Amino acid sequence: MAELTGSEILAKCLKKEGIEDIFYIMGGPMLLAESTCITEGIRMIDVRHEQAAAYACQAYSRLRQTPSVCMAASGPGVTNLITGMANALIDCCPVVAFGGSSPISQFGRQVFQEIDQVKLMEGCCKHVDRVHNLKRIPQQVNFALQRAMSGKPGPVYVDMPGDILYQKIDENLVDWSFAGRKMDSRPLGDPRQVGALVKALAEAKQPLIVSGSGVIWSRAWTEMQAFVEAAGIPFYTTPQGRGVVPDDHACSFLTMRNAAFADADLIIVLGTRMNYIIGHAAPPRFGGNAKIARIDIDPEEIAAAARGVDIPIVGDCKMVLQQLLDGIKGKVTQDSYKAWRQKLADGEAQKRSAAGANRYAEDGDIHPVRMLEEIKNFAKRDAILCVDGQETLNFGRQTMPTFSPGHRLNSGPFGTMGVGLPFGVGAKVACPDKQVIVVHGDGSMGMNAMEMDTAIRHKIPLLIVISLNGGWTGDPQREKPGRDLGYMRYDKMCEAFGGYGEYVTKPEDIRPALERAQAKVDEGMVALVNVRTDYRARYGGVRFSDYSTWRCCALPPSRERGR
Ligand SMILES: Cc1ncc(C[n+]2csc(CCOP(=O)(O)OP(=O)(O)O)c2C)c(N)n1
Ligand SMILES: [Mg+2]
């Protein structure tokens, strides 16, 4: 009978679970597990910081709607994962990390790299586990992947003590029955509450949907678009939930977000948390008298909502949207909210024609909005955009649309700087045929800039565009402590790693630089366009409408707004 080590069992389990790619940094006691993953045919992408491994996983999961796997060596390797796991927790992302740890038989003896990794991970994971028994490794690996993805997704950490990894067992004694087990079951909404929402929709004059990543995890975008179109109901998404229905859809009135939130009489919170990102769905951003309906897979989210929920529906977005599509037949039509859509369309038209619309300063370095507009016009319709940095993110939210589900990634609800480049790496590995554009602030770029090396070594072709405003955030008064970084030549850094670099100081040079860079990306290279931008440009000092560029996103005639 063949004997297997714990390391080999782990690698074989990951293969049986269908894991195709793993992000990691080598190190004891994980070496044998990692080399066995390679012999099992898993693509092993060694990154330059464990934090980046967890971030790359997040992007990978978002694009594929599956759990993703990263690995780290014991001690500092695992502690380096922590911000990544915390970000995945706050972002509800199914990242599964396997961390080596010092031998369990030696715990408490101050052995090499000994620290309580389980305790450290507990606060920033959905679930934490430790392997004790070789026989049960397949079960624990399966549980980790299932738990990460089931219900409200979230990160799972599994601690792998060195002595367990290197112990041997007869392979027939291992319980393989759980390996690769998939749980495919989706909860329907309570018909009474679905009925209540149909009734509320029939009575509403100005309803809207606020959707989030739950629609992505549930792969419910087709149902959402069908529902939006059947009811003619305006929708808004969270920044990372964008693209489930294209941003230029006839029921999308992006520049009227604030007014629509305030005026809506029925708010359907669909697959998103009622957190600060959507103003807790409460006043002052939303009307105090509006009815709140909520569709969420996690009953605790509804139970502990920051604002009372009138119509709670615990269920999977895909299933509940199907129920709603059936339920509204004959009760809600495309004409039901015609006047509401017209009101929003008129508001948009007014904003677009208002004096100063689309203006930005032109007396200094390139305004970030100009740079972002060039990217918007250059990007393919189904491009994956990974955006990071404060001004870059804020201006980017208003300037660059997204048309495909899961194709917009950013610093997320945890507001984490440094995710952009590793997200780009993970996104391109998940979707090798897609154009991936990373749009980075210069400060946040520095946090994981070494991932350019990962992308170049592993032939992960990315287009990176930097808003080089000389430091952290805009600083018109030159008053922020520790803000200035100088105008770093990230383009030269990229060249030094073996990539292609462009440095741009004039607005008219942005587009040709993007084209030359993308040509290199198409040849398989990593290319970086470093655009010197105005340090004074500060989001918030200027009204939203002044930076709105939606007029450039003309709708096809058949999809005219306010039909
Ligand atoms: C990991 C982390 N460290 C620090 C911060 C605090 N912070 C928020 S925005 C920001 C500046 C981002 O600057 P940059 O990436 O250059 O983008 P810009 O705003 O200049 O476009 C910082 C440091 C954070 N959110 N996350
Ligand atoms: Mg900056």
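Refer to the structure printed above.
Since the model is a prediction, treat every value here as computed from it, not as a measurement. (Residues numbered from 1 in each chain as written. Chains lettered and ligands numbered in written order. Predicted model: local features only at pLDDT ≥ 70, side-chain atom pairs only at ≥ 80, totals over all residues.)

In this section: the sheet that holds strand β12 (residues 291-296). Sheet architecture is open: five strands sit in the order β10-β9-β11-β12-β13, paired in parallel fashion. The strands lining the two open edges of the sheet, one partner per strand, are β10 (235-237) and β13 (311-314). Ignoring which end each strand starts from, the neighbouring axes of this sheet average 15° apart. As paired strands, strand β9 (residues 207-211) and β10 are joined by three bridges and run parallel to one another. By the bridge assignment for β10, V210 is matched with Y236. (Pairing = 2+ DSSP bridges. Helix = DSSP H or I, 4+ residues; strand = E, 2+ residues; numbered from the N terminus. Axes fitted to C-alpha atoms, helices over the stretch in contact; angles between N-to-C directions.)

Turning our eyes to something else, we now look at the packing of helix α3 (residues 50-64) against helix α18 (residues 420-430). Interaxial distance between α3 and α18 falls to 7 Å at its minimum, and their mutual angle equals 45°. It follows from the interaxial angle that α3 and α18 lie oblique. The element α3 and its partner α18 pack so that their crossing is right-handed. From α3, A52, Y55, A56, C57, Q58, A59, Y60, L63 and R64 reach across to α18, where they touch P422, F423, V425, G426, A427, V429 and A430. (Parallel < 35°, antiparallel > 145°, perpendicular 65-115°, else oblique. Left-handed = near helix turned anticlockwise from the far one by under 90°. Contact = placed C-beta atoms within 7 Å.)

This paragraph deals with the sheet that holds strand β7 (residues 156-161). The six strands are arranged β3-β2-β4-β5-β7-β6 in an open sheet whose pairing can be described as parallel. Taken across any chain shown, the strands that pair with only one partner, and hence form the sheet edges, are β3 (43-46) and β6 (127-130). The sheet shows a mean angle of 20° between the axes of neighbouring strands, direction not considered. Bridge count for strand β4 (residues 68-72) against strand β5 (residues 95-101) is five bridges, and the pairing is parallel. Looking across to β5, one finds that M71 is bridged to F98. Where helix α7 (residues 137-149) meets the sheet, its contacts fall on β5, β6 and β7, and the angle it forms with β7 comes to roughly 160°.

Among the five residues of β4, five are classified as buried, and the element is accordingly described as predominantly covered. Judged by which residues are buried, β4 turns out to be covered on both faces: S68, C70 and A72 on one side and V69 and M71 on the other are all buried. Note: strand β2 (residues 21-24) against β4, three bridges, orientation parallel. Paired with F23 across the strands is C70, a residue of β4. (Buried ≥ 20, exposed ≤ 12 C-beta atoms within 10 Å, placed from the backbone.)

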